[in-house]
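Structural overview
Listed below are the residues making up each chain.
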There are 4 protein chains.
Amino acid sequence: MPRLAIHRLPMAHPGDLSALAGLMARGEVRAGDIRAVIGKTEGNGGLNDFTRGFFTQTLMLLLASQTGEEPAALAARIPCVLSGGTEGALSPHFLVFSASDEAARGERGLALGTAFSPPTPAREIGRAAQIAAVADAVRAAMADAGIARPEDVALVQVKAPAPQAPDPAARSTDAKFLMALSRAAAAVGAGVALGDIPAARATEASLLTDLSLYSNRVSISSGVEVTCNEVVVFGYAEGWAEGIVAGVAPMADLLDLAGVQAAFAAAPGEVLGVIAKGEPDRSGAIRGQRHTMLGDTDIDAQRHLRGALGAIVAAVAGDGRVFVSGGAEHQGPPGGGLVCVFARSR
Amino acid sequence: MPRLAIHRLPMAHPGDLSALAGLMARGEVRAGDIRAVIGKTEGNGGLNDFTRGFFTQTLMLLLASQTGEEPAALAARIPCVLSGGTEGALSPHFLVFSASDEAARGERGLALGTAFSPPTPAREIGRAAQIAAVADAVRAAMADAGIARPEDVALVQVKAPAPQAPDPAARSTDAKFLMALSRAAAAVGAGVALGDIPAARATEASLLTDLSLYSNRVSISSGVEVTCNEVVVFGYAEGWAEGIVAGVAPMADLLDLAGVQAAFAAAPGEVLGVIAKGEPDRSGAIRGQRHTMLGDTDIDAQRHLRGALGAIVAAVAGDGRVFVSGGAEHQGPPGGGLVCVFARSR
Amino acid sequence: MPRLAIHRLPMAHPGDLSALAGLMARGEVRAGDIRAVIGKTEGNGGLNDFTRGFFTQTLMLLLASQTGEEPAALAARIPCVLSGGTEGALSPHFLVFSASDEAARGERGLALGTAFSPPTPAREIGRAAQIAAVADAVRAAMADAGIARPEDVALVQVKAPAPQAPDPAARSTDAKFLMALSRAAAAVGAGVALGDIPAARATEASLLTDLSLYSNRVSISSGVEVTCNEVVVFGYAEGWAEGIVAGVAPMADLLDLAGVQAAFAAAPGEVLGVIAKGEPDRSGAIRGQRHTMLGDTDIDAQRHLRGALGAIVAAVAGDGRVFVSGGAEHQGPPGGGLVCVFARSR
Amino acid sequence: MPRLAIHRLPMAHPGDLSALAGLMARGEVRAGDIRAVIGKTEGNGGLNDFTRGFFTQTLMLLLASQTGEEPAALAARIPCVLSGGTEGALSPHFLVFSASDEAARGERGLALGTAFSPPTPAREIGRAAQIAAVADAVRAAMADAGIARPEDVALVQVKAPAPQAPDPAARSTDAKFLMALSRAAAAVGAGVALGDIPAARATEASLLTDLSLYSNRVSISSGVEVTCNEVVVFGYAEGWAEGIVAGVAPMADLLDLAGVQAAFAAAPGEVLGVIAKGEPDRSGAIRGQRHTMLGDTDIDAQRHLRGALGAIVAAVAGDGRVFVSGGAEHQGPPGGGLVCVFARSR
């Protein structure tokens, strides 16, 4: 019976995988059991953030040294979802999700499944093709985990591609806008697979315009370091060992402290990892008071957002090791977001 | 009998005082009653933040148009404490503190007093002379308010000077370091006046080195736009009308959510204004987890800090209008800070 | 006979007009003779750069104290074209252009004329209405100067408006894009008035798309601090005193050192002021080598551009007091720009 | 007879070594012949710039795949001197220096030698021990190249260590200041070895204080990615093939266009690579005009400097592929720097 394990590990810099190397050397994690990695590196989180690529290269080299596989083959089967930017109270860290086969009690536990979509070229980013590809990949990842019903899914985490070079056939020449479109298409595709968004409304035209379409259970990052949509699904399934719970709650807006607290309350026990998404309110105000995140020439709006959201979640957690990612288009209500807490159940 | 009033007003940009102009036009505030202004402008909060000067110039022109005084004369008697930087969830706003004479019930209420030290030239910044000058000014401001005992003081807010040009006789050639020294000297001086710091230990050598010396009731900003130490003291005094309370609590570290909540609990009622101080933990870690605020080449550490601390306090307040200022040397415990809440008592 | 004078003055900060106050106190410049001010302040040059507003407020107050007019009336007749951002080698400074009436020799000299378009609301920015309004204003400014023929114009400098608040009727919801559209419309409008751009091709659709439309004699800034198009025209006209020459040359790309040198060669003598425009090459490369200005999350592309272009022009001038402004859409060839040098002729 | 070859190669991102892989695949460069790499990556150039580590890891993996050595062994014999930050006109690129043995005419050519000092722990950075260690390493590198006399040296390039973690025994707790001290010690040590700085004056106390001590032939970077002083010496020596020349000239200040042109004039022919060092003038002014590089809270002073200096050198070269590094302490005159041009002699 597979048992999910989550290790939350520090890094001294984006190329420092020594904490994972130590775990493997001591036999606490087997390289072959690793199913996904989700982490925060200390870059700027934008187009020119290379800390994600550095980490991924180092991780795959380390795993390759253990399993004998090629780094490229490992990268093609183990999703590595990184978000750059540890502004404010946030602490660089990464979560290693592994599944070991063992005799265990329990009939139903937190399961993990993964899937990769076919490559999404620049011209398909933010189009119906990407929406459909992500929906298919989410269904494949659910099947991989043995999760029977959409309502059993706790969280879908996707790393969606951003174009590495301009392409005249793309929906936009603005690279940042394409990154947002990619997140939007992945969120909507995942929302369709979960039944949170009606398939009929999940059109190309709805992306970034009809923000009433959203799922409270999807978290998307996009970046140039991936070329397809990498999907990790968490949910409850028969045949997985008990022991870990996931609590998810939406945030109505950036200051929704009660929403953050609800996610922690829904996952009582020792916290193993926290994932949060949010965005600068497009209206330019939060609860009626003007914010300045969107018009700052010196600090990118997403860096502002991560610093603020990260601090609130970290204050509730009492711990800066929170995966916070900006760009929450169609992920939670507009101007808001979501929080997911993994805990060892008591 | 004087009655303290606090108005919390928005600004569309750092030169926008229209909200105050409107209050005065409608007779809700008399220009002659204004005793102090404390606000947050949307600059970077550093040496080259000119939003503070812009606001101050505009404010004094507006008041001068009402009272007939010269702007310079107004600036010399009304402390205008501004902190630049509305990172993340923070909202540009300013608090106008006025005291009107009226028939009122009550025997003891929240009082406000102000004082200006003599000019502190660059060579005196961060030296014993500044410590003594601020201690004297705090005592003068207490007397101005009629606050009898140090224990009746809720908060001392100081705007301390930073040198406008390099001076070879200054303690340092590093302008940022001099700004920190100025905050430290003012904090230690105020702490001595309040009895929170023993006078014998309040030496020049202790500044920025003996961080066991601190007061939980002093909040200091420094900037090039002032040339002396401008002091505002809040506390309880006989002969002031009832109706406003101030709650103050220390924060043990940046993630001390309970500390923030304690300050709000200490000032039940409709919130009129919030002041918070904090600093990036010098150890490079918060509760054992590495943070990256101090080593970021792209975002100043104080901008990181304000975004994080501001979001936590704003989440508790449910409102982004929080005065948050970085650089909490000798103001609250090292790595921590303090929160002060003004509320209309129920 | 009017004689144009140019004073290049330093500022210690964006609210420091003491150098001009000194000139006026010594009788070297009469407030009533001042026709235009063009300057560089040390902000970030973007949406949230308030150094321009601070300078303008201070300037108009100073002039009002001399002429007895209201500051608003002065601002409505004296163009004050400011560009924020003194990156790298650039030095904050401002050029004061004044015209005094005096007995002078000469039959034809450098003339200056000004004009203000009607207010351009957000919904007209980047539309045919703005193009036409700027063309009309340029013709009016030429008439004001007495410049008879378009070919006698040396340079048109325009400060074009950016919307102060979002407007659903505007061409875009992206404030930065609207700033670019405003520059584009003003450049094309001025180019039409000069005969450098055919009126038939100067359509709304051509803005930012048909970059083959450009004038080498127009320099545009846009900002929220103005609500109409403020125009200053320099050129040669009968009836103005001799003594000052203007040399203008296009830059084919950012590294066009010969172009810069040509502008200086065209205005031999003591340099009185330098104006340069340029832009980050949209192709992502300069002379075939990749640049990184457009994809940097931490430094705005225009700040990169001003630092680079400013240093090249300053190195040729041997002086950091160069007015450099980014955003050269339709001002010089794509990826390039222009340089204008004012000198006291030998 | 060894023949020095220089290849100037582009990179699409800091982990992109495909251009070098291609050269090796086509047999144009043998991995075993590579003696040093000097390059510019597109990071921020500061403490938290990880693009240097990413490039180095990728480079050593590539070379290891060719030579069969371990990456760590390669890193211990091939200096890889990287400077982060391609502000403004600069283009990410790297120079590969290789030496092949071949029958060649000529009696004396440009030679290259390398050496590594013993590890310099944090407590030795900026102390006499580092000065001596670098002087010894420069002498060793000269011997490696066969350069007989100090006056035959064209340029010494050093990558000096910065501490990876705070050390209470270090000269400072300020990591940025330690980086500057490390550059200073390396520059002074190299200057002593070249005879440009008297050994008696090369004391720990002189570092960063006696800026009259400098060499026009040393260029130093420091970074956390190295733990010892990695030295590359270029100069003329018997027994090396003719064909490449190096021209070096000091820059008196940042605007010293003639200095830049002199370096290019001293190396006529096809340019193969350019190295420049400079620094923001500590006086706060250049040729009497105030600059704002040192007091900007939003853009690091070294980023300002690289953007400005890089643009000037690139404009003379007509090419953005210039290695520009800030922090020119004791490398060229104060406020100035130096330029070195490698060219294929005609």
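**Section: the overall build of chain A**
Counting its secondary structure elements, chain A contains 7 helices and 14 strands. Relative to its length of 346 residues, chain A is compact, with a C-alpha radius of gyration of 19 Å against a globular reference of 20 Å. Put simply, 84% of the contacts in chain A that link residues at least 6 apart link residues at least 24 apart. With the model as given, the accessible surface of chain A reaches about 11000 Å², and the carbon-plus-sulfur share is 53%. Here chain A contributes 29 positively and 35 negatively charged side chains, and the mean placements of these two sets differ by 2 Å.

**Remarks on the sheet that holds strand 1 (residues 2-10) of chain D**
By definition, the strands of a sheet pair up through backbone hydrogen bonds, in either a parallel or an antiparallel sense. All names here are of chain D. The 4 strands lie next to each other as 1-4-2-3, forming an open sheet whose pairing is mixed. In this open sheet, the two strands that pair with only one neighbour each are strand 1 and strand 3 (80-84). On average, each strand axis in the sheet is tilted by 10 degrees relative to the strand beside it, whichever way the strands run. Inspection of the sheet shows strand 2 (residues 34-41) paired to strand 4 (residues 93-101) by 6 bridges, in the antiparallel sense. By the bridge assignment, Ala36 is partnered in strand 4 with Phe97.

**Focus: the interface of chain D and chain C**
Listed per partner, the contact involves 38 residues of chain D and 38 residues of chain C. Interface area, chain D with chain C, both sides summed: about 2700 Å², of which 56% is carbon and sulfur. Of all residues in chain D, the largest losses of buried area upon contact with chain C belong to D:Leu255, D:Gln289 and D:Arg290, amounting jointly to 22% of the total for that side. There are 4 salt bridges connecting chain D and chain C. With a closest N to O distance of 2.6 Å, C:Arg290 and D:Glu42 form a salt bridge. Where chain D packs against chain C, one counts 16 residue pairs in polar contact (both at pLDDT 80 or more). Mapped onto the side of chain D that touches chain C, the elements with two or more residues apiece are helix 6 (257-265), strand 12 (289-290) and helix 7 (301-317) of chain D. If one sorts the elements of the side of chain D that touches chain C by residue count, helix 7 of chain D sits on top with 9 residues.

**Some words on the domain arrangement of chain A**
Residue and element names in this part refer to chain A. By domain assignment, chain A separates into domain 1 (1-104), domain 2 (108-242) and domain 3 (243-344). On the side of domain 3, 24 residues touch domain 2, which itself brings 28 residues to the contact. Between the two partners, domain 2 and domain 3, sit 2 salt bridges. The residue Arg183 makes a salt bridge to Glu329 at a minimum N-O spacing of 2.9 Å. For the interface between domain 2 and domain 3, the tally reads 11 residue pairs in polar contact (both at pLDDT 80 or more). Tallied by class, residues from the side of domain 2 that touches domain 3 come to 17 nonpolar, 6 polar and 5 charged.

**Some remarks on helix 5 (residues 175-194) of chain D**
All names here are of chain D. Helix length check: helix 5, at 20 residues, gives a terminal C-alpha distance of 29 Å against a target of 28 Å (1.5 Å per residue), a fit within 8%. Counting buried residues along helix 5, 17 of its 20 residues qualify, which places the element largely inside the surrounding structure. The residue sitting at the N-terminus of helix 5 and contributing the capping side-chain oxygen is Asp174; that oxygen lies 3.0 Å from the backbone nitrogen of Lys176. A positive backbone phi angle near 80 degrees is found at Gly195, which sits one or two residues after helix 5.

**Looking at the relation of the copies chain B and chain A**
The transformation that overlays chain B on chain A combines an axial shift of 0.0 Å with a rotation of 180 degrees, and the residual RMSD is 0.0 Å. Overall, the copies show the geometry of a two-fold rotation axis. Residue by residue, 100% of the interface of chain B is reproduced at the interface of chain A, so both copies engage with the same surface.

**Quick look at the interface of chain B and chain A**
For interface size, the figure often reported is the accessible area lost on association. At the interface, 38 residues of chain B touch 38 residues of chain A. Regarding the contact of chain B and chain A, the summed buried area is about 2700 Å², with carbon and sulfur atoms giving 56% of it. Broken down residue by residue, the surface that chain B buries against chain A is led by B:Leu255, B:Gln289 and B:Arg290, which jointly contribute 22%. Taken together, the connections running from chain B to chain A amount to 4 salt bridges. The interface formed by chain B and chain A holds 16 residue pairs in polar contact (both at pLDDT 80 or more) in total. When residues in the side of chain B that touches chain A are grouped by element, the largest group, 9 residues, is from helix 7 (residues 301-317) of chain B.

**With respect to the environment of B:Ala143**
All names here are of chain B. The residue Ala143 is located in helix 4 (residues 128-145) in this model. Assessed through its relative accessible area of 60%, Ala143 is described here as exposed. As for Ala143 and Thr41, which are separated by 102 residues in sequence, their C-alpha atoms are 30 Å apart.

**What to know about the relation of the copies chain D and chain C**
For the pair chain D and chain C, the relating rotation is 180 degrees, the translation along its axis is 0.0 Å, and the fit reaches an RMSD of 0.0 Å. Here 100% of the contact residues of chain D are again contact residues in chain C; the copies associate through an equivalent surface.

**Focus on the packing of helix 2 (residues 51-67) of chain A against helix 2 (residues 51-67) of chain D**
Where helix 2 of chain A meets helix 2 of chain D, the axes come as close as 10 Å, and the angle between the chain directions of the two elements is 35 degrees. In this structure, helix 2 of chain A meets helix 2 of chain D at a crossing whose hand is left-handed. Contacts between helix 2 of chain A and helix 2 of chain D involve A:Gly53, A:Phe54, A:Gln57, A:Thr58 and A:Leu61 from the former and D:Gly53, D:Phe54, D:Gln57, D:Thr58 and D:Leu61 from the latter. Its residues placed into classes, the contact of helix 2 of chain A with helix 2 of chain D shows 4 nonpolar, 6 polar and no charged.

**A look at the side chain of C:Asn44**
Locating C:Asn44 in the fold gives a position in the loop between strand 2 (34-41) and helix 2 (51-67). At 3.1 Å, the side chain of C:Asn44 forms a polar contact with the side chain of C:Asn48. Once you skip the residues sitting within four places of it in the chain, C:Asn44 turns out to touch A:Thr297, A:Asp298, C:Asp49, C:Gly84, C:Glu87, C:Arg303 and C:Arg306.

**Some thoughts on the sheet that holds strand 6 (residues 153-161) of chain D**
All names here are of chain D. Strands sit in the order 5-8-6-7 across an open sheet of 4 strands; the sheet is mixed. Pairing within the sheet leaves two strands with one partner each, and these edge strands are strand 5 (108-119) and strand 7 (218-223). On average, each strand axis in the sheet is tilted by 15 degrees relative to the strand beside it, whichever way the strands run. By the bridge criterion, 6 bridges tie strand 6 to strand 7 in an arrangement that is parallel. For Ala160, the partnering residue across the bridge sits in strand 7 and is Ser222. Here helix 4 (residues 128-145) sits on the sheet and contacts strand 5, strand 6 and strand 8 (228-238); the angle it forms with strand 5, its principal contact strand, is near 145 degrees. Contacts from helix 5 reach strand 6, strand 7 and strand 8 within the one sheet, and its direction differs from that of strand 7 by about 150 degrees.

**Looking at the packing of helix 4 of chain D against helix 5 of chain D**
All names here are of chain D. The N-to-C vectors of helix 4 and helix 5 enclose an angle of 50 degrees; their axes lie 7 Å apart at closest approach. It follows from the interaxial angle that helix 4 and helix 5 lie oblique. Considering how the two elements wind past one another, helix 4 and helix 5 form a crossing that is right-handed. Side by side, helix 4 and helix 5 meet where Gln130, Ile131, Val134, Ala135, Val138, Arg139 and Met142 of the first sit next to Leu181, Ser182, Ala185, Ala186, Val188, Gly189, Ala190, Val192, Ala193 and Leu194 of the second.

The rules behind these values
- Position labels on residues start from 1 in each chain and follow its written sequence.
- In the order they appear in the text, chains get letters beginning with A and ligands get numbers beginning with 1.
- Where local features are concerned, this predicted model is filtered to residues with pLDDT of at least 70; where side-chain atom pairs are given and counted, the filter is 80 or more; whole-chain, interface and lining totals use all residues.
- Side-chain measures were taken over the full set of non-hydrogen atoms in the model, leaving aside hydrogen atoms and water.
- Under the DSSP-based scheme used, a helix requires at least four consecutive residues in state H or I and a strand at least two consecutive residues in state E, with every element numbered from the N terminus.
- The quantity called the radius of gyration is restricted to C-alpha atoms. Its globule counterpart is 2.2 Å times the number of residues to the power 0.38.
- Whether two residues are in contact is decided by their heavy atoms: any pair within 4.5 Å suffices.
- Surface accessibility in these figures is a Shrake-Rupley result with a 1.4 Å probe; residues are shielded only by whichever protein chains are displayed.
- Only four residue types enter the tally: Lys and Arg on the positive side, Asp and Glu on the negative side; His and the chain ends are excluded.
- Positions of charges follow a simple convention, taking NZ of Lys, CZ of Arg, CG of Asp or CD of Glu.
- Note on pairing: DSSP must find at least two bridges between two strands before they are called paired.
- Every axis in this analysis is a line fitted to C-alpha atoms, fitted for helices over the stretch in contact. Angles between the N-to-C directions lie between 0 and 180 degrees.
- Throughout, the accessible surface (probe 1.4 Å) given up by two parts as they are put together, summed over both, is called the buried area.
- Between Lys or Arg on one side and Asp or Glu on the other, a salt bridge is scored when a side-chain nitrogen of the former is within 4 Å of a carboxyl oxygen of the latter.
- By the criterion applied in these results, polar contacts are pairs of N or O atoms within 3.5 Å in which, for protein atoms, one can donate a hydrogen and the other can accept it, and in which residues neighboring in sequence qualify only through two side-chain atoms.
- All the domain ranges listed were derived from an automatic or database domain assignment.
- Side-chain classes follow a simple rule in which Ala, Val, Leu, Ile, Met, Phe, Trp, Tyr, Cys and Pro form the nonpolar group, Asp, Glu, Lys and Arg form the charged group, and the remainder, Gly included, forms the polar group.
- A helix's residues, less one, multiplied by 1.5 Å, set its expected span.
- Three labels apply to residues, based on accessible area from a 1.4 Å probe with only protein chains included: buried if under 20% of the type maximum, exposed if over 50%, partly exposed otherwise in between.
- All copies are superposed by least squares; the fitting set is the C-alpha atoms of residues with a pLDDT of at least 70 in both.
- Helix crossings get a hand from a simple test, with the near helix turned counterclockwise from the far one by less than a right angle marking a left-handed crossing and a clockwise turn marking a right-handed one.
- The cut-offs work like this: below 35 degrees is roughly parallel, past 145 is roughly antiparallel, 65 to 115 is roughly perpendicular, and the gaps in between are oblique.

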